[in-house]
Amino acid sequence: MHHTENRGHMGNSGNTGTYDQDAVLRARVLLLGSGRRTLTEEVGAYRVLAEVSPRAYLPKLAEALVSWGYADELRDRPEVRTALHAEAAAAARRIGAGEPNRAEVLRRTLGAYERGLFTLGRRAEGRAVCEELAEAGAPGRLAVVLAEEGRHAEAAELCGRAARTVEPWSRFWSMAEWSAELDAAGRREEAVEVFAELVAGTRRSAAAGDMPLGSLTTELLHLSGLLDAAGRGAAARAARREALVVLDGLVRTGEAKSWGSTLAPWLVLLQMSGRQAEPVATPGAPMPSFGTYHVHGWSPDVREAYLASLPGLERETEALRAEGRLPELLAAHRRLIRRAALRWESRTWHVEEPLRPLFDEGVALARRLPGDRRALPEALTDRAAFLVATRHHAEARADLAEAVDLLDRF
């Protein structure tokens, strides 16, 4: 035991204070023992020793508190979990500014704490913690929260700064989110240019064999939608035709090598494409940040509210179907598809069986809708992107070819 400890002071902190010598001894014996110890015991020991040797034990205390908060027995006790994570964040803040692992521990503990606050619906406190996270070098969650609260210009600014510094493996996620926030902020041309830059990079990587051609296809389809919305019809047609050429190659030879699942990027693009069709939010009520990485980055309260709207939307579509109100039914059905895709993706990667009938029905409804020249091409393009993500390239090619032909007639 250090000499400073024998004098009853907190030797490494520079602060003085008394402590229980017996408690310190018991804590050291517990941690040095070879037997199994519970997280409760471990946290208790670190609480004692963090007062004696903060430099050594504050990081350990913070990490143990985060782990305890995620323990199975607290899964249905969010208040207790959040209180533990609040204590973890407080411990991390006390780590000396010069300690090499301070920033990492602080980001991890603050991240756990803010998720708990949002789960409990304490958004103002959660946003404050996200602001602290941004100051600690992790602005991603703050961008999401600002987007959820309709502050899209601020979110776009944060996304743009982050997108210029990310590693290549996360380029899709950062550029897609930046484009989505620019679009939501009404800066449509900038949104198009950012996404076009993403597509250009994917095109180069796919040509070098470093990315799947399926990813290039779905990105081109999304870009075509952005271009159409921006009134750039010729460029939109060129993007669709390029996607058709890529699909021709996939039908003939398939991917050059095996790739992992591309469902997560497809799901983000699906959600992004539907933002304009969502009902206007109740004033003060948060909305999803539709371009956010893997959509698991949404705040827990927003995600749960979005998924909780699915049963009501199912009832609405049934009522509209019974009344024969096709335009409203098709719009509601597309909103239903996006929520169903998120629900199934969060449960299992085996999404094809539950989602395929929904996309088929969307196309069937669009074929029955008279006078709307864009309804069927949009439904076909939606299904084509889904079929690409699930590796049904020939069927995707047929859908896209029909959509291109229909749109070329306008």
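Some points on the packing of aromatic side chains
One pass over the structure, following the stated rule, counts 8 aromatic pairs. Aromatic pair W266 and F359: ring centres 6.2 Å apart, planes at 50°, arrangement tilted. With W266 in helix 14 (residues 263–273) and F359 in helix 18 (residues 352–367), this pair connects stretches of sequence that are 93 residues apart. Per residue, the accessibility class of W266 equals that of F359, and both read buried. Judged by centre distance (5.6 Å) and plane angle (50°), the ring pair of W266 and F386 falls under tilted. With a gap of 120 residues between them, W266 in helix 14 and F386 in helix 19 (residues 375–389) connect regions that are remote in the sequence. Taking the relative accessible area as the measure of exposure, W266 reaches 5% and is therefore buried. Accessibility expressed as a relative area gives 0% for F386, which makes it buried. In this structure an aromatic cluster arises from ring pairing among W266, F359 and F386. A cation over an aromatic ring shows up here: R141 above the ring of F118, its NZ or CZ 5.1 Å from the ring centre.

Focus: helix 14
With 10 of 11 residues buried, helix 14 lies mostly within the body of the structure. For helix 14, the complete set of buried residues consists of L263, A264, P265, W266, L267, V268, L269, L270, Q271 and M272.

Notes on helix 8 (residues 140–148)
Here helix 8 lies mainly inside the structure; 8 of its 9 residues are buried. Turning to helix 8, the residues buried within the fold contact helix 6 (102–119), helix 7 (123–135), helix 9 (152–163), helix 10 (171–184) and helix 15 (300–308).

Examining the packing of helix 10 against helix 14
Packing of helix 10 against helix 14 leaves a shortest axis separation of 11 Å and a crossing angle of 0°. Between helix 10 and helix 14, the interaxial angle falls into the category roughly parallel. Contacts from F172, W173, A176 and A180 in helix 10 reach A264, P265, V268, L269 and M272 in helix 14. In terms of residue class, the contact of helix 10 with helix 14 is made up of 9 nonpolar, no polar and no charged.

Examining the side chain of R81
Structurally, the position occupied by R81 is in helix 5 (residues 78–93). Here R81 is buried and forms no salt bridge, its nearest opposite-charge partner D76 lying at an N-O distance of 7.0 Å. Those residues in contact with R81, other than ones at most four positions away along the chain, are G69, Y70, L74, R75 and T119.

Some details on the packing of helix 5 against helix 6
Between helix 5 and helix 6, the least distance of the axes is 8 Å, while the angle of their chain directions is 155°. In terms of their interaxial angle, helix 5 and helix 6 are classed as roughly antiparallel. Here the hand of the crossing between helix 5 and helix 6 comes out left-handed. Where helix 5 approaches helix 6, its residues P78, R81, T82, H85, A86, A88, A89, A92 and R93 are matched on the opposing element by R102, V105, L106, T109, L110, A112, Y113, G116, L117 and T119. Residue composition of the contact of helix 5 with helix 6, grouped by class: 11 nonpolar, 5 polar and 3 charged.

Rules used throughout
Residues numbered from 1 in each chain as written. Predicted model: local features only at pLDDT ≥ 70, side-chain atom pairs only at ≥ 80, totals over all residues. Heavy atoms only, no water. Phe/Tyr/Trp six-rings, centres within 6.5 Å; stacked < 30°, edge-to-face > 60°. Helix = DSSP H or I, 4+ residues; strand = E, 2+ residues; numbered from the N terminus. Buried < 20%, exposed > 50% of the residue type's maximum accessible area, 1.4 Å probe, protein only. Lys NZ or Arg CZ within 6 Å of the ring centre and 35° of its normal. Contact = heavy atoms within 4.5 Å. Axes fitted to C-alpha atoms, helices over the stretch in contact; angles between N-to-C directions. Parallel < 35°, antiparallel > 145°, perpendicular 65-115°, else oblique. Nonpolar A, V, L, I, M, F, W, Y, C, P; charged D, E, K, R; others polar. Lys, Arg positive; Asp, Glu negative; His and termini not counted. Salt bridge = Lys/Arg side-chain N within 4 Å of Asp/Glu carboxyl O. Left-handed = near helix turned anticlockwise from the far one by under 90°.

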